[in-house]
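# Summary of the model geometry
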Amino acid sequence: MASVFIDKICKSFVSGRPVLQELSLEVNHGELFFLLGPSGCGKSTLLRILAGLEKQDSGSIKFDGVEISSLPPEKRQAAMMFQNYALWPHLSVFENIAFGLRIMGISGKKLKMEVQSALDAVQLSDCADRRVPLLSGGQQQRVALARALAVRPAVLLLDEPLSNLDARLRDTMRGEIVRICRERSQTAIYVTHDRQEALSMADRMAVLKDGRISQQGTPRELYERPANCFCGAFLGDINFIDGRIANGRLETSFGSFILSGECDGASAGAIRPERIKFAAPDHPEAFAAELVDGTFFGDCSQWVCRAGDTLLTVKESAPGERKIGEKVFLAFDDGFLLAMR
Amino acid sequence: MIFRRIIQYLLMLMLAVFLLMFLILPLFTVIGEGCDWELLVEVFRTPVYREGLLNSLAVALVTTLLVAVMSLGLALLYDRYEFPGKEYCSLLMLLPMILPPFVGALGFQQILGYYGVVNTILEQCGLSRIDFLGGEGKFWSVCVIEALHLYPVLYLNLITALGNIDPAMTDAAANLGASGWQRFFRIRLPLLKSGFLAGGSIVLVWSFTELGTPLMFGYNRVTPVQVFNGLMELENNPLPYSLVVVMLAVSALIYLLLRKLLGAQAGSAAVKGTMGSRAIKLRSWRKLLPVGAFLLVALLSILPHLALVGTAFSRRWYNTVLPEVFTLTNFENALSNPLVVPSIVNSLRYSALAMVIAVVCGTLAALISSRWRLRGAWALDLLSMLPLAIPGLVIAFGFLGMTSSYAWARAIFNPVDNPLWLLAIAYAVRRIPYVVRAVTSGLEQTPEELEQAARNFGAGPVKTLTGITFPLIGANLLVGGLFAFSFSMLEVSDSLILAQKSIFFPITKALLELSQILGSGPSSASAFGVWAMAFLALTLASAGILLGRKIGAVFKF
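Not measured: the values here are computed from a predicted model.

The rules behind each value
Residues numbered from 1 in each chain as written. Chains lettered and ligands numbered in written order. Predicted model: local features only at pLDDT ≥ 70, side-chain atom pairs only at ≥ 80, totals over all residues. Heavy atoms only, no water. Helix = DSSP H or I, 4+ residues; strand = E, 2+ residues; numbered from the N terminus. Buried < 20%, exposed > 50% of the residue type's maximum accessible area, 1.4 Å probe, protein only. Contact = heavy atoms within 4.5 Å. Areas by Shrake-Rupley, 256 points an atom, 1.4 Å probe, with all protein chains shown as cover. Lys, Arg positive; Asp, Glu negative; His and termini not counted. Charge placed at Lys NZ, Arg CZ, Asp CG, Glu CD. Pairing = 2+ DSSP bridges. Buried area = accessible area lost by both parts, 1.4 Å probe. Salt bridge = Lys/Arg side-chain N within 4 Å of Asp/Glu carboxyl O. Polar contact = N/O pair within 3.5 Å; in protein donor to acceptor, adjacent residues only side chain to side chain. Axes fitted to C-alpha atoms, helices over the stretch in contact; angles between N-to-C directions. Parallel < 35°, antiparallel > 145°, perpendicular 65-115°, else oblique. Left-handed = near helix turned anticlockwise from the far one by under 90°. Nonpolar A, V, L, I, M, F, W, Y, C, P; charged D, E, K, R; others polar. Phe/Tyr/Trp six-rings, centres within 6.5 Å; stacked < 30°, edge-to-face > 60°. Lys NZ or Arg CZ within 6 Å of the ring centre and 35° of its normal. Expected span 1.5 Å × (residues − 1). Bend = angle between axes of the 7 residues up to and from the residue. Domains from an automatic or database assignment.

Assigned secondary structure in chain A consists of eight helices and 21 strands. In terms of overall dimensions, chain A has C-alpha extents of about 75 × 45 × 35 Å along its principal axes. Buried residues in chain A amount to 51% of all 341 residues. Excluding contacts between residues fewer than 6 apart, the proportion of contacts in chain A whose partners are at least 24 apart in sequence is 65%. Just so you have it, chain A exposes about 15400 Å², and 48% of that area is on carbon and sulfur atoms. Positive and negative side-chain charges of chain A, numbering 41 and 43 respectively, have mean locations separated by a distance of 6 Å.

Residues and elements named next belong to chain A. Strand order in the open sheet formed by six strands is β6-β7-β8-β3-β9-β10, and the pairing between neighbours is mixed. Each having just a single partner strand, β6 (80–81) and β10 (212–217) make up the two edges of the open sheet. Sheet analysis places strand β3 (residues 32–36) next to strand β9 (residues 204–209), joined by four bridges and oriented parallel. Paired with Phe34 across the bridge in β9 is Met205.

Listed as interface residues are 27 residues of chain A and, on the opposing side, 19 residues of chain B. Contact between chain A and chain B buries roughly 1900 Å² in total, counting both sides, with carbon and sulfur atoms accounting for 65%. Across the contact surface, chain A and chain B share two salt bridges. Linking chain A with chain B are seven residue pairs in polar contact (both at pLDDT 80 or more). Within the residue set of the side of chain A that touches chain B, elements represented by two or more residues are α1 (43–51), α2 (93–103) and α4 (137–150) of chain A.

Our focus in this paragraph is unusual backbone geometry. Residue and element names in this part refer to chain A. One non-glycine residue, Gln123, adopts positive backbone phi at about 60 degrees. Of note in the backbone geometry, Asp210 takes a positive phi value of approximately 50 degrees without being a glycine. Relative to the assigned elements, Asp210 resides in the loop between β9 and β10.

Glancing now at the packing of helix α20 (residues 420–445) of chain B against helix α23 (residues 474–489) of chain B. Residues and elements named next belong to chain B. Interaxial distance between α20 and α23 falls to 8 Å at its minimum, and their mutual angle equals 160 degrees. In terms of orientation, α20 and α23 fall into the roughly antiparallel class. For the pair α20 and α23, the sense of crossing is right-handed. Residues Tyr427, Arg431, Tyr434, Val435, Ala438, Val439, Ser441 and Gly442 of α20 pack against Asn476, Leu477, Gly480, Ala484, Phe487 and Ser488 of α23. Here the contact of α20 with α23 is built from residues that sort into eight nonpolar, five polar and one charged.

Below, the discussion takes up the environment of B:Leu204. Residue and element names in this part refer to chain B. For Leu204, the position within the fold is in helix α10 (residues 193–209). The class of Leu204 is buried, set by a relative accessible area of 8%. On a C-alpha basis, the gap between Leu204 and Val69 in space is 14 Å, while along the polypeptide they are 135 residues apart.

Residues and elements named next belong to chain A. Evaluated as defined, the whole model comprises 18 aromatic pairs over all chains. Aromatic pair Phe34 and Tyr190: ring centres 4.2 Å apart, planes at 15 degrees, arrangement stacked. Here Tyr190 lies in strand β8 (residues 188–192) and Phe34 lies in strand β3, a separation of 156 residues in the sequence. One aromatic cluster is present, formed by Phe254, Phe257, Phe287 and Phe332 through successive ring pairs. In this structure, Arg225 is placed above the aromatic ring of Phe336, and the distance from its NZ or CZ to the ring centre is 6.0 Å. Lying over the aromatic face of Phe278, Arg322 brings its terminal NZ or CZ to 3.6 Å of the ring centre.

Residue and element names in this part refer to chain A. Taken together, the four strands give an open sheet; going across it, the order is β2-β1-β4-β5, and neighbouring strands pair in antiparallel fashion. Only two strands of the sheet have a single partner each, and these edge strands are β2 (17–27) and β5 (66–67). Relative to β5, strand β4 (residues 58–63) runs antiparallel, the two sharing two bridges. The residue bridging Lys62 from the neighbouring strand is Glu67, located in β5. Strand contacts of α1: β1 (4–14), β2 and β4, with the helix running at about 115 degrees to β1, the strand carrying the most contacts.

As a further point, take the pairing of strand β19 (residues 310–317) of chain A. Residue and element names in this part refer to chain A. Covered by surrounding structure in β19 are Thr310, Leu312, Val314 and Glu316 only, the residues Leu311, Thr313, Lys315 and Ser317 on the alternate face being uncovered. Two strands pair when backbone bridges link them, and strand β18 (residues 300–307) and β19 are joined in this way by eight bridges, in the antiparallel orientation. Bridge pairing in β19 places Trp303 opposite Val314. Where β18 folds back onto β19 in an antiparallel hairpin, the turn is made up of two residues, including Gly308, whose phi is positive at roughly 60 degrees.

This paragraph deals with helix α14 (residues 288–313) of chain B. Residues that lie three or four places apart on an α-helix share one face, since the helix turns once every 3.6 residues. End to end, α14(B) covers just 33 Å across 26 residues, shorter than the expected 38 Å (1.5 Å per residue, more than 12% under). Of all the bends in α14(B), the largest measures some 45 degrees and sits at B:Leu303, one to four residues before the proline B:Pro304.

Residues and elements named next belong to chain A. Partitioning chain A into structural domains gives domain 1 (4–231) and domain 2 (240–340). Each of domain 1 and domain 2 was reduced to a C-alpha centroid, and the two centroids are 39 Å apart. For the pair domain 1 and domain 2, the summed buried area comes to about 700 Å², and 55% of that belongs to carbon and sulfur atoms. A per-residue breakdown of the area domain 1 buries against domain 2 is headed by Tyr223, Arg225 and Cys229, which together make up 62% of the total. For the pair domain 1 and domain 2, the interface holds one salt bridge. In this structure, the salt-bridge partner of Glu224 is Arg275, at a minimum N-O distance of 3.5 Å. Linking domain 1 to domain 2 there are four residue pairs in polar contact (both at pLDDT 80 or more). Listed by contribution, the elements that provide at least two residues to the side of domain 1 that touches domain 2 are α7 (219–224) and α8 (229–235). When residues of the side of domain 1 that touches domain 2 are assigned to their parent elements, the largest contribution, three residues, is made by α7.

Counting through the fold element by element, A:Gln139 comes out in helix α4. Once you skip the residues sitting within four places of it in the chain, A:Gln139 turns out to touch A:Leu124, A:Cys127 and A:Arg130.

This paragraph deals with the side chain of B:Glu449. For B:Glu449, the position within the fold is in helix α21 (residues 448–456). With residues up to four places along the chain from it excluded, the contact list for B:Glu449 reads A:Phe82, A:Gln83, A:Asn84 and A:Ala86.

A few words now on the pairing of strand β17 (residues 287–296) of chain A. Residue and element names in this part refer to chain A. Relative to strand β20 (residues 327–332), β17 is paired through four bridges, and the arrangement is antiparallel. Bridging from a neighbouring strand, Ala289 pairs with Val328 of β20. Here six bridges tie β17 to β18, and the two strands are oriented antiparallel to one another. Across the sheet, Asp293 pairs through a bridge with Val304, a residue of β18.

Residue and element names in this part refer to chain A. For the coordinates displayed, the defined rule picks out 24 salt bridges over all chains. We note a salt bridge from Lys43 to Glu160, for which the minimum N-O separation is 3.7 Å. In this pair, Lys43 is assigned in helix α1 and Glu160 in the loop between β7 (156–159) and α5 (167–183), connecting sequence segments 117 residues apart. Take Lys43: its relative accessible area is 4%, and that puts it in the buried class.

This is the structure we're talking about:
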């Protein structure tokens with residue numbers, strides 16, 4: 001396993017329209033690192049550059065301190081799990097997984113053992129002799145994972161591996177991938193546009209926008225302390241509240257509130273819907289609002305309230321019964337109203 | 001990595017040099033030899049040549065019209081209806097393609113000749129005989145035979161074009177109130193332009209320059225035959241070169257005119273969405289109509305060849321409806337002719353070598369343009385497709401010119417000493433487009449990710465090619481090779497022009513010589529032709545089974 005050091009990678013396919021702009025990133029040994037971003041942000045390109053399938057225009061990549069930028073893809077030991085799996089239809093499941101091992105010079109009993117252990121890891125032990133086109137989508141996906149794991153790569157690259165699966169299978173596979181990576185302390189870089197996937201699986205993650213890293217950190221840091229509006233909105237619903245910012249407080253039409261985070265240069269406050277609570281009228285921080293709209297989800301309800309001239313989305317778990325048009329009192333959770341640039 | 005790029009560019013350079021030497025240089029030589037203004041003027045001044053040119057054009061136009069009607073009808077049937085046996089119809093369409101009209105012409109005379117089948121039937125019905133093959137009849141016979149041979153080219157292109165039309169487009173027209181006929185003329189037919197352009201230009205140029213069929217019918221007043229006949233006295237009279245130049249110019253003009261007429265960009269509006277087959281299922285007796293139409297056309301197109309088989313197996317077929325007295329004597333006679341067995345061996349040698357050359361070059365060209373994406377690949381792609389647009393006769397003449405103009409060319413392939421390399425390369429150059437198309441369609445249907453995955457798992461470029469790419473496109477490689485081989489086996493223009501000594505004759509030239517022997521000649525030539533056809537049918541049937549409907553992609557330009 002290896003650490004990955006990416007330094008000032010630039011790439012553009014059409015000159016003047018950069019896909020990656022001086023992107024730098026460090027992934028620690030044994031870490032499951034997520035690259036999250038909207039489509040077209042350059043995350044898959046970065047992964048393909050790491051695998052050597054695209055060549056960067058400038059910048060360097062080091063695995064464990066060794067420069068690999070000029071190595072051809074087959075010398076990089078960065079096994080990739082392709083978005084569409086890229087399983088070879090003319091080879092059996094066994095041969096697909098054995099392919100990389102054979103090239104490494106492994107044969108005979110050792111080969112069989114390694115393939116079997118990769119198959120065991122993805123719980124497909126009895127599928128070795130099946131032909132690829134006959135497998136279901138979920139099975140193909142696991143074969144692709146097994147194939148990448150079998151070669152014990154320095155870095156495992158996963159390119160939206162779960163995007164073709166149905167919701168239930170996706171949940172199971174999320175757990176499996178996390179388990180396998182932890183067990184092997186496998187350095188892995190995982191590309192996705194699904195924020196749930198990233199938040200629930202990542203050790204650390206980075207949000208990409210227009211070929212730059214918008215923010216990186218642990219899922220909790222990114223979710224609770226987004227560095228900018230883009231990250232805040234990309235990772236989940238968020239209320240932006242306009243107002244005047246002075247002395248660490250946000251002055252709005254419906255009250256004045258303490259902001260957390262860096263206030264210098266901030267232009268608005270932001271708070272996630274689940275951090276706004278219905279409060280008793282005598283609550284010290286409570287402010288009055290009118291219930292404008294509501295959607296019932298079962299385990300929670302999403303309300304829209306008007307406070308002053310601002311519309312706020314409020315997420316209430318274990319929702320009570322409320323009437324549209326009624327007057328309610330709301331309060332922000334302490335420390336969750338963020339200053340936003 | 002840079003090293004690999006260098007190797008790739010070196011390979012490209014080698015291919016480019018090969019094509020420049022054996023495709024562009026021959027062309028250049030012909031033009032150089034033929035671009036004598038005096039001679040060119042003479043071509044247009046001499047009534048015989050003028051007539052030949054006009055006749056050739058007429059043959060091309062009539063043939064193409066016949067082809068358009070036949071193939072449009074069949075293609076619409078195929079696209080519109082669901083019927084039993086549909087999956088075999090496209091395979092059936094290959095039949096006329098592979099049976100060279102050159103051979104079929106022998107049988108055609110048996111059917112329409114003055115003492116042939118039709119006339120015998122006419123007489124038995126109390127009507128008088130008609131001389132179908134005399135005078136004007138020859139013209140129509142040549143057109144019909146060529147049309148029956150060439151319609152699959154257009155048909156396959158139309159099928160592909162129809163398949164690319166989103167049913168939603170006609171649905172939208174219907175939704176806006178267009179009737180069935182309006183939908184056909186305003187929507188479907190305009191969207192078929194690209195298919196017409198692709199198939200039609202091949203058919204036009206092909207029939208304009210076809211040598212074998214008119215030669216067999218003795219229809220001598222066409223340019224290709226005049227060129228061929230001028231071959232004997234080429235030393236004293238370089239006029240055939242000028243005729244070839246005129247032919248080339250007219251071919252190019254035809255292509256440009258057709259392009260102008262149909263519009264190059266036509267069909268680009270065909271958006272592929274998610275679409276299912278909209279074919280209508282026919283009920284009861286009606287479901288037999290489409291398949292009947294296919295069978296009828298196929299039967300018509302192989303009728304000459306059936307007659308050929310009849311002639312080959314019978315002792316006598318003269319003034320009767322069916323052949324009389326079964327015999328194998330013709331086959332014996334054919335084999336005992338000193339030309340026959342060596343010609344088979346020759347053809348096998350030439351064609352096998354041609355196949356290897358064509359497959360190597362074609363695969364390389366396909367890899368360069370659809371995988372390696374080297375700079376200038378488009379030019380190479382264009383170059384490797386060029387032989388489809390250049391008449392075989394022109395290239396053959398170019399090679400001939402090269403052997404007389406350049407000492408090095410004379411040293412490598414002297415047609416008098418040993419035309420092995422000369423013929424193999426001449427065959428190969430003209431078959432490269434088929435290989436390129438076959439391999440490219442294979443590469444395009446194979447996700448590049450599969451190869452990238454192999455690289456990702458540690459396989460080098462060579463291992464990736466041999467372990468992943470080639471196995472995955474194996475069927476396409478095989479089909480490309482088979483086409484190259486079988487078309488070479490019954491190639492006409494190169495064979496007739498470049499094989500000059502009887503011990504080097506390939507099958508087709510031996511066939512022509514044999515058929516011109518008085519008396520038993522035509523019968524033993526028929527027997528010989530049957531053997532050749534059976535051989536071809538076998539190779540192409542296996543190709544068809546391997547590739548199925550995709551085979552149409554091979555004929556697209």
